[in-house]
Amino acid sequence: MSSGSVLVIGLLALSGFLIGGVVSFWPRNKVVAVILGVLAALALGGAVLRLLPA
């Protein structure tokens with residue numbers, strides 16, 4: 001397993017964790033939920049861009 005694969009898996013796991021935070025925080029604190037959503041989108045976008053061929 002190359003370091004690039006580990007990075008992609010890590011970013012996907014991080015985005016899933018952050019999406020869980022969005023679901024958890026949404027009823028209590030929408031500002032934090034939106035911030036977590038933006039961070040999740042950035043992590044997911046980074047993983048997708050890392051998968052694209054150079």
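The structure this text deals with has already been given above.
Scope of this entry: the structure provided in the associated data block. Since the model is a prediction, treat every value here as computed from it, not as a measurement. (Residues numbered from 1 in each chain as written. Predicted model: local features only at pLDDT ≥ 70, side-chain atom pairs only at ≥ 80, totals over all residues. Heavy atoms only, no water.)

## Some thoughts on the overall build of the chain
Here is the rule: For helices the rule is a DSSP run of H or I covering at least 4 residues; for strands it is a run of E covering at least 2, with both sets numbered from the N terminus onward. The buried label applies to any residue whose accessible area, calculated with a 1.4 Å probe on protein chains only, is under 20% of its type's maximum; exposed applies above 50%, and partly exposed to all values in between. Accessible surface is estimated by sampling points in the Shrake-Rupley manner with a 1.4 Å probe; for residues, cover comes only from the protein chains shown.
When helices and strands are counted, the chain shows two helices and zero strands. When the backbone C-alpha atoms are referred to their principal axes, the chain occupies close to 40 × 20 × 10 Å. Burial statistics for the chain: of 54 residues in total, 19% are counted as buried. Working note: accessible area of the chain is about 3900 Å², and carbon and sulfur atoms make up 78% of it.

## Describing helix α2 (residues 30-51)
Which entries qualify depends on this criterion: What a helix should span is 1.5 Å times the count of its residues minus one. Two residues qualify as a contact provided that any one of their heavy atoms is within 4.5 Å of a heavy atom in the partner residue.
Between its first and last C-alpha atoms α2 spans 31 Å; for 22 residues at 1.5 Å apiece the expected length is 32 Å, and the two agree. Looking at the buried residues of α2, the elements they touch are α1 (3-25).

## Digging into the packing of aromatic side chains
Rules: Any two rings among Phe, Tyr and Trp, with Trp reduced to its six-membered ring, count as a pair given centres within 6.5 Å; such a pair is stacked if its planes are under 30 degrees apart, edge-to-face if over 60, and tilted if neither. Any Lys NZ or Arg CZ that is within 6 Å of a ring centre and within 35 degrees of that ring's normal is treated as a charge sitting over the ring.
In total, this model carries zero aromatic pairs according to the counting rule given. Over the ring of F25 we find R28; its NZ or CZ atom is 5.0 Å from the centre of that ring.

## Notes on α1
In this model, α1 (23 residues) spans 33 Å end to end at C-alpha, consistent with the 33 Å of a helix rising 1.5 Å per residue. All of the buried residues along α1 are G4, V8, S15, L18 and G21. At its buried positions, α1 is contacted by α2.

## Structural notes on a nonpolar patch on the surface
How we decide: Here the term patch refers to residues with relative accessible area over 30% and no salt bridge, with like charges joined within 9 Å and nonpolar side chains (Val, Leu, Ile, Met, Phe, Trp, Tyr) within 5 Å. Here, a salt bridge means any side-chain nitrogen of Lys or Arg that lies within 4 Å of a carboxyl oxygen of Asp or Glu.
The grouping of W26, V31, V34, I35, V38, L39 and L42 at the surface amounts to a nonpolar patch, some 680 Å² of accessible area in total. Of note, L42 is situated in helix α2.

## Let's talk about the environment of A47
Summarising the element assignment, A47 is placed in helix α2. The exposure class assigned to A47 is buried, which follows from its relative accessible area of 1%. Between the C-alpha atom of A47 and that of L11, which follows or precedes it by 36 residues, the distance is 5.7 Å.

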